[in-house]
Amino acid sequence: MRFSINQVMLKTKMIKLYGNTMEQVAEDMVERIRFIRNKDNTLKNDIFTELNLWALESVGVVALGGRLNCFDPNLPDDSPVKKLIKTIHGVLAAAEKLDFQPSLWKYFSTSAYKKGIKLYEEHMKLNEYFIDKASAELKSTGEKDYKDKSVLEKVLDIDRKIALATAYDMLFGGVDTAGSTALALLYLLATNEEKQEKLREEVLSKREKQPYMRACIKESLRLFPVFAGNFRKTTKEHDILGYRIPKDVRYC
Ligand code: HEM
C-alpha cells in the first residue's frame, strides 16, 4: 500500500494543485475568528479548538477531496461534518488513553477500549460517506488527464479501500499535529513582535518562495516539538557508514 500511495503523495508538484483552496481555507478561518471574537479581541472558544478546525478543513481538502465547511457556525449537531469534528477529537483522546496511559485493554476489553473501537468505526463510516460523495461528484465531472487529478482521484483510481485508509491516516495524523504547530507558531509570533513584522512583510509580498515563513515553522517545531521522538526497532543488521547496528535494537 505504501508503495502505491508514495507514487501519488510524494510528488511536490501536487502541492501547487491545492494552493488556491488552502489560501481560501486560511482566509475563511480569519473571517471566522473576526466573526466569533469578543469586543476586546479575545475568543470565547479555546484558540486550539479553532486551529484544529482550520487543520481539519485543510487536511479534508486533500484527504476527502473538497471543502467540509467546518467553519459554519450554524452546523446542525447531526450533520456529517459536525459528527466528523466530534469523532476526530474523540479518536485522538481515545488513542492517547489507550496507547500512552497504563491500561488493561490488551488483556481484556475495557470500557475505554470498547468506546475507542466505537469511535474508530464511526470515523471510518464518516470517511466512507465523504469519500463516496466526492467520488460521485468527480464521476459527474468526466475524465481528466492524470496530471490534473487530485490526490483523492489518483488514490481512488488505485482502489477505494486504499483511498479510505489513506484518508483515515491523514485525518488521524494531520489534524492535531498541524493544529499544534500553528498554535506554537502563533504564540511565538505574538511574543516576538519584531519577527512577526518581518514575517508579515514576507507574506504580504506574495513571493512564491517564503523562506522566512519556512524558518519560523521550523523554529516553532524546534521549540515546541509535536513529537518528542520516533521509536523504531531494527528488523535486520545495518551498516551505516561503518557503524554496525545489530538486529532488534530499539532506537529513537
Ligand atoms: C507539523 C505537522 C506534522 C508533524 C510534526 C508530523 C509528524 C509525523 C511523524 C513523526 C510521523 C511518523 C513518521 C514515521 O513513522 O517514521 C508521521 C507520520 C504520518 N503523518 Fe505526519 N506530521 C505532521 C503533519 C501531518 C499532516 C498535515 C498529515 C496529513 C495531511 C500527516 C500525515 C501523516 C501520515 C499519513 C503518517 C503515517 C506515514 C506512514 O506510516 O507511512 N502528517 N507524521
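Sequence order as written defines residue numbering, which begins from 1 separately in each chain. Residues qualify for local features only when their pLDDT is at least 70, as the model is predicted, and side-chain atom pairs are given and counted only at 80 or more; totals for whole chains, interfaces and linings, by contrast, use all residues.

- Looking at an unreviewed UniProt entry, one finds the chain named Cytochrome P450 CYP12A2-like and attributed to Bicyclus anynana.

### Some thoughts on the site of the ligand
Point 1. Whether a residue is near a molecule or strand depends on its C-beta atom, generated from backbone atoms, being within 6 Å of that molecule or strand. Around the ligand lies a shell of 13 residues, among which D169, M170, G173, G174 and T177 are the nearest.
Point 2. Put simply, DSSP marks the helices as runs of H or I at least four residues long and the strands as runs of E at least two long, and each gets a number from the N terminus on. Of all the secondary-structure elements, those providing two or more residues to the shell around the ligand are α3 (47–63) and α7 (160–190).
Point 3. The element that contributes the greatest number of residues to the shell around the ligand is α7, accounting for 7 residues.
Point 4. Tallied by class, the residues present in the shell around the ligand amount to 6 nonpolar, 5 polar and 2 charged. Residue polarity is assigned by list, with Asp, Glu, Lys and Arg as charged and Ala, Val, Leu, Ile, Met, Phe, Trp, Tyr, Cys and Pro as nonpolar; anything else, Gly included, falls into the polar class.

### Observations regarding the packing of helix α6 (residues 151–158) against α7
Point 1. To obtain each axis, a line is fitted to C-alpha atoms, and for helices this fit is confined to the stretch in contact; angles are then taken between N-to-C directions over 0 to 180 degrees. For the pair α6 and α7, the least separation of the axes is 6 Å and the interaxial angle reads 135 degrees. Relative to α7, the element α6 lies oblique. On α7, the residues touching L152, V155, L156 and I158 of α6 are R160, I162, A163 and T166.
Point 2. A breakdown of the residues in the contact of α6 with α7 according to their chemical character gives 6 nonpolar, 1 polar and 1 charged. Geometric relationships in this document are graded by angle, where less than 35 degrees denotes roughly parallel, more than 145 denotes roughly antiparallel, 65 to 115 denotes roughly perpendicular, and other angles denote oblique. Contact between two residues is assigned whenever their backbone-derived C-beta positions fall within 7 Å.

### Thoughts on the nonpolar core
Point 1. We call a set of buried Ala, Val, Leu, Ile, Met, Phe, Trp, Tyr and Cys residues a nonpolar core when their C-beta atoms link them within 7 Å. With C-beta atoms placed from the backbone, a residue is buried if 20 or more other C-beta atoms are within 10 Å of its own, exposed if 12 or fewer are, and partly exposed between those counts. Core analysis: the largest hydrophobic core is formed by 35 residues, its most contacted members being L56, V59, L64 and I88.
Point 2. For this core, the leading source of residues is α3, giving 8 residues.
Point 3. Setting aside residues up to four positions removed in sequence, I88 forms contacts with L56, H123, L171 and V175.

### Comments concerning the packing of α7 against helix α9 (residues 211–223)
Point 1. Relative to each other, α7 and α9 sit at 100 degrees, their axes nearing to 9 Å. As summarised for this structure, α7 and α9 are arranged roughly perpendicular, according to the angle between their axes. The residues of α9 that touch α7, namely those facing T181, A184, L185 and L188, are C216, I217, S220, L221 and L223.
Point 2. Its residues placed into classes, the contact of α7 with α9 shows 7 nonpolar, 2 polar and no charged.

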